[in-house]
Amino acid sequence: QVQLVESGGGLVQPGGSLRLSCAASGRGFSFYAMGWYRQAPGKQRELVATITNGGITNYVDSVKGRFTISRDNAKNTIYLQMNSLKPEDTAVYYCNVDARFGVTNLRYDYWGQGNQVTVSS
């Protein structure tokens, strides 16, 4: 079983910044790609940013230049630094992990509980 502990989020004014973090743990598991998704009211969940265990990153176009995803492999933790936030960034942000178990490398997909990010004046 994998546990994901998310923190960060909250209310911020437009133009402000927030930082999300997600720590993964699980005995016998290795963590490959990790990332952030978000879901706004009435909309489908969308990818925000991902990072591989080798540090390769990917961003949705709407956040490029404003958000930065980073990773501490020693802590199995990812971070999402969000700058120049806009009202349209308001959503519940979910951490996602591609976890592989044991020598068989069975793949499992895990989601965090989600954190609300609200950008409003």
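Quick note: structure is the one above.
Small disclaimer: the values here were computed from a predicted structure and weren't measured. (Residues numbered from 1 in each chain as written. Predicted model: local features only at pLDDT ≥ 70, side-chain atom pairs only at ≥ 80, totals over all residues. Heavy atoms only, no water.)

## What to know about the pattern of salt bridges
Next up, step 1: Going through the model one piece at a time under the given rule, you end up with 6 salt bridges.
Next up, step 2: For Arg38, the salt bridge goes to Asp89, with nearest N and O atoms at 3.0 Å. Within this pair, whereas Arg38 is found in strand E4 (residues 29–39), its partner Asp89 is found in the loop between strand E8 (77–82) and strand E9 (91–101), the two being separated by 51 residues in sequence.
Next up, step 3: A residue is classified by how much of its surface remains accessible, and Arg38, at 6% relative accessible area, is buried.
Next up, step 4: Salt-bridge contacts for Asp98 lead to Arg100; the nearest nitrogen and oxygen are separated by 2.7 Å.
Next up, step 5: Arg100 gets classed as buried once you look at its relative accessible area, which sits at 18%.
Next up, step 6: Where salt bridges share partners, they join Arg38, Glu46, Arg66 and Asp89 into one cluster. (Salt bridge = Lys/Arg side-chain N within 4 Å of Asp/Glu carboxyl O. Helix = DSSP H or I, 4+ residues; strand = E, 2+ residues; numbered from the N terminus. Buried < 20%, exposed > 50% of the residue type's maximum accessible area, 1.4 Å probe, protein only.)

## Quick notes on the nonpolar core
Next up, step 1: By size, the foremost hydrophobic cluster in this structure holds 31 residues, and its most contacted members are Trp36, Leu80, Met82 and Tyr93.
Next up, step 2: Of all the secondary-structure elements, those providing two or more residues to this core are strand E3 (18–25), E4, strand E5 (46–51), strand E7 (67–72), E8, E9 and strand E11 (115–119).
Next up, step 3: Here the element with the most residues in this core is E9; it accounts for 5 residues. (Core = buried A, V, L, I, M, F, W, Y, C linked by side-chain atoms within 4.5 Å.)

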